[in-house]
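Residue-level structure breakdown
Residues per chain are reported as follows:
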Amino acid sequence: MEYTFSDRISSLQPSAIREILKATADPAIIPFAAGNPDAAAFPVEEVREIAARILKDSPIMALQYGVTEGYAPLRERVAAYMKEKHNIGRDFDNLIITSGAQQVMDLATKALCNFGDVVISETPSFIGSLNCFRSYGVTLKGVPVEDDGMNMEVLEQKLRDNKNVRFIYTIPNFQNPSGVTMSLEKRKQLYALAKKYGVLILEDNPYGDLRVAGEALPTIKSMDEDGLVIYAGSFSKIFSPGVRVAFTVAPAEIVAKMTVGKQAADVHTPVFNQMLVDEWMKTTDFEGHIEKIRGIYRRKLNLMCDLIDEQLGDFVRYVRPEGGMFVWCELPERVDMMDFCKRAVEKKVAVVPGSAFTVEPDEVVNSIRMNFTTPSDERIVEGMHILGELSHAL
């Protein structure tokens, strides 16, 4: 039988990252293309103890259906923590638990966008979110990322030129893929422009807790006195990506529509997983665990960047990230990006071509993204040595 697919899905291509990750299943491949947390970042013993306790004391609650908005104790705990720690949450806001931060992007787009509406995004940007937006038939407009965040002049031009912009998508902390952190000045400018043009901001902050250098900056949501910001937070990078527990803090009217959308998708995030996260926050030194992760990633980030300086020298241009999971390297104009990535894989090093992260079809990039959290220290050294030899041969 010949199958006909929906317009929404037929134009989408598989994520280049996921396709590359298939190659990294070969243990001989050094996985600079990955994006997984270091194995040491998982609180395995705590999870084992908490899971046993939940199944002993509250098995029916853990295994039963739950409410769409999320497990009440976890919602209350996260809301209180975000308010106290990050000044996030106003009287007009509400919070729901989602199945990963990716679902926040999906529900926000489902709730706010019609076919042909415009979403403005940093470029380059996270391919998972971009494909989510594309799946709803929106028109994507890209704003270049500079060393201190998106170009505000270009952003205002896009806002002037497009009258049906539904929201601006940004990853302000250690952006994926660029690793760039948006400056405080630009965060304020972004909020001011959104207010001026009556446009929402979708602030995606999965890496915010992974700062290893520099001073912490306030989130854009913490500046929100006008109900303009939808904030996406996640436990994937500090607890476990596999449990798929994340959350959004947004104006209550928007959250209500997102909740209806979630009921049509997965009904609710697994209760057992939510209980794991809640008990972890309640009974362990989870902030101490985050500090442990920061220590691991500080060492690995510095190792990779020092080796880029040593092995690649003037061959690439990059901004040393202050946290997150990725380093973005711009190749010389004379070097063909796809050829470089192909040669690297042939030498058993997988990197992601920058073209995977472009927003508009006519964008030209000549960069690669490398991950430092997944490979071991030894494999980082080995992989950077191989890339150094490759650069010298070009």
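First, a word on scope: everything that follows refers to the structure included in this document.

Rules behind the numbers
- Residues numbered from 1 in each chain as written.
- Predicted model: local features only at pLDDT ≥ 70, side-chain atom pairs only at ≥ 80, totals over all residues.
- Heavy atoms only, no water.
- Helix = DSSP H or I, 4+ residues; strand = E, 2+ residues; numbered from the N terminus.
- Expected span 1.5 Å × (residues − 1).
- Buried < 20%, exposed > 50% of the residue type's maximum accessible area, 1.4 Å probe, protein only.
- Arc of directions from axis to C-beta.
- Contact = heavy atoms within 4.5 Å.
- Pairing = 2+ DSSP bridges.
- Axes fitted to C-alpha atoms, helices over the stretch in contact; angles between N-to-C directions.
- Phe/Tyr/Trp six-rings, centres within 6.5 Å; stacked < 30°, edge-to-face > 60°.
- Lys NZ or Arg CZ within 6 Å of the ring centre and 35° of its normal.

**Considering helix H3 (residues 44-57)**
Under the 1.5 Å per step criterion, the end-to-end length of H3 is 20 Å for 14 residues, consistent within 8% with the ideal 20 Å. For H3, the set of buried residues is Ile50, Ala51 and Ile54. An end-on view of H3 places all buried positions within 105 degrees of arc, on one side of the element. Those residues of H3 that are exposed and aimed more than 90 degrees away from the buried face are Glu49 and Lys56. Those residues of H3 hidden inside the fold are in contact with helix H4 (59-63) and helix H11 (271-283).

**Points about the pairing of strand E13 (residues 367-371)**
When you tally the buried positions in E13, you get five out of five residues, the bulk of the element. Residues Ser367, Arg369 and Asn371 point to one face of E13 and Ile368 and Met370 to the other, with burial holding for every one of them. Sheet topology places strand E10 (residues 326-330) next to E13; five bridges connect them, and they run antiparallel. Bridge pairing in E13 places Cys329 opposite Ile368.

**Some words on the sheet that holds strand E12 (residues 352-353)**
Two orientations exist for strands paired in a sheet by backbone hydrogen bonds: parallel and antiparallel. Ordered by their spatial adjacency, three strands build an open sheet running E10-E13-E12, and the pairing between neighbours is antiparallel. The open sheet has two edge strands, E10 and E12, and neither has a second partner. Sheet strands touched by helix H12 (residues 286-312): E10 and E13. Its angle to E10, the strand with the most contacts, is close to 15 degrees.

**A few points about the packing of aromatic side chains**
In this structure the tally under the stated criterion is eleven aromatic pairs. With centroids separated by 5.9 Å and ring planes inclined at 80 degrees, the aromatic side chains of Trp328 and Phe357 adopt a geometry described as edge-to-face. One end of the pair, Trp328, is in strand E10; the other, Phe357, is in the loop between E12 and E13, with 29 residues separating them in the sequence. Cation over ring: Arg369 sits above Phe326, and NZ or CZ is 3.8 Å from the ring centre.

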